[in-house]
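The chain contents come next:
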Amino acid sequence: IGLIVLAAVFDALDGRTARRFKTSSAFGAALDSLSDLVVFGVVPALCLYLWALQDSGNLAWWATLFYAVAIALRLARFDSELRDPPEQSKNYFTGVPAPAAGFLVLVPICVDLEFGITWAREATYVSVWLVMIGALAVSALPTFAGKRLKLPVGTVLPVLAAGSVLIAGAFVQPWLTYLVLAGSYVISLPIAVIRFYRSVPSA
């Protein structure tokens, strides 16, 4: 889980770094998508399968496969999207992005590790969770991209303080911090939908 979180951090930095140094290329974009498929699609799915589903029959395996294929389709759609989208769409992704999906899909493991809740490991719940997160990834749901996010000057210190608290929490209470971040992202989904449709010009 720690390595997948670390991969998500690097995934957020690699594109920006390539653009900053003017080294971006079609090959790099394709390699990035392949890496995302493995790290955020295949690895989390196999983690959940080996953790809770490997003795649960074909339906559990199909749920695992569904999530991995959904991430592949989500990345294929991302690569094929228009490079010059409408202005109101530039702040949003279509569907839950692969790193966020990989982050969310591991929540049952963190719930079990933090609270010891036995039903979090039940094959039925884990299979439904895999399918639900995979469906969100391939959905048309607008989600915050954060690429053009600019913080007002007055919010810099509070944001830095919150970041420091999260870093401290990652060392002191890693699983609880993980769940707080996952919960915050889930809360942002309906907010993103509302803001997106408010920004769309009326016909």
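Residues numbered from 1 in each chain as written. Predicted model: local features only at pLDDT ≥ 70, side-chain atom pairs only at ≥ 80, totals over all residues. Heavy atoms only, no water.

Visitor: Tell me about the state of the cysteines, residues and numbers included.
Guide: Counted according to the given criterion, the structure contains zero disulfides. Cysteine C47 is unpaired, with the sulfur of C110 as its nearest cysteine sulfur at 11 Å. (Disulfide = S-S within 2.5 Å.)

Visitor: I'd like to hear about the nonpolar core, residue by residue, with values.
Guide: By size, the foremost hydrophobic cluster in this structure holds 35 residues, and its most contacted members are L48, L53, Y67 and L130. Elements supplying a minimum of two residues to this core: helix 2 (26-53), helix 3 (58-80), helix 4 (98-105), helix 5 (107-115), helix 6 (123-138) and helix 8 (174-199). Element by element, the count of residues in this core is highest for helix 2, at seven residues. When neighbours within four sequence positions are excluded, L130 is seen to be in contact with A45, L48, L53, A63, T64, Y67 and V105. (Core = buried A, V, L, I, M, F, W, Y, C linked by side-chain atoms within 4.5 Å. Buried < 20%, exposed > 50% of the residue type's maximum accessible area, 1.4 Å probe, protein only. Helix = DSSP H or I, 4+ residues; strand = E, 2+ residues; numbered from the N terminus. Contact = heavy atoms within 4.5 Å.)

Visitor: Residue-level account of helix 6, with values.
Guide: Along its 16 residues, helix 6 runs 23 Å from first to last C-alpha, staying within 8% of the 22 Å computed at 1.5 Å per residue. The set of residues buried in helix 6 consists of A123, V126, S127, L130, I133, G134 and A137. Buried residues of helix 6 fall within an arc of 135° about the axis and therefore sit on the same side. Turned more than 90 degrees off the buried face of helix 6, the exposed positions are T124, Y125 and V128. Summarising the contacts, the buried residues of helix 6 are in contact with helix 2, helix 3, strand 1 (92-94) and helix 4. (Expected span 1.5 Å × (residues − 1). Arc of directions from axis to C-beta.)

Visitor: Which residues make up the packing of helix 3 against helix 4, and what values go with them?
Guide: Interaxial distance between helix 3 and helix 4 falls to 10 Å at its minimum, and their mutual angle equals 160°. As summarised for this structure, helix 3 and helix 4 are arranged roughly antiparallel, according to the angle between their axes. Seen from above, helix 3 lies across helix 4 with right-handed handedness. Here helix 3 contributes Y67, I71, R74 and L75 to the contact with helix 4, which in turn contributes A98, A101, G102 and V105. For the contact of helix 3 with helix 4, the per-class residue count stands at six nonpolar, one polar and one charged. (Axes fitted to C-alpha atoms, helices over the stretch in contact; angles between N-to-C directions. Parallel < 35°, antiparallel > 145°, perpendicular 65-115°, else oblique. Left-handed = near helix turned anticlockwise from the far one by under 90°. Nonpolar A, V, L, I, M, F, W, Y, C, P; charged D, E, K, R; others polar.)

Visitor: Provide a residue-level description of the packing of aromatic side chains, including the pertinent values.
Guide: The final tally for this structure, using the stated rule, is seven aromatic pairs. With 4.0 Å between their ring centres and 10° between their planes, F103 and Y178 make a pair best called stacked. With F103 in helix 4 and Y178 in helix 8, this residue pair connects regions lying 75 residues apart in the sequence. The pair formed by F103 and Y178 is uniform in burial state, with each residue classed as buried. Measuring from centroid to centroid gives 5.1 Å for F196 and Y197, while their planes differ by 85°, and the two rings are edge-to-face. Judged by relative accessible area, which is 53%, Y197 ranks as exposed. Members of the aromatic cluster, joined through ring pairs, are Y92, F144, F196 and Y197. (Phe/Tyr/Trp six-rings, centres within 6.5 Å; stacked < 30°, edge-to-face > 60°.)

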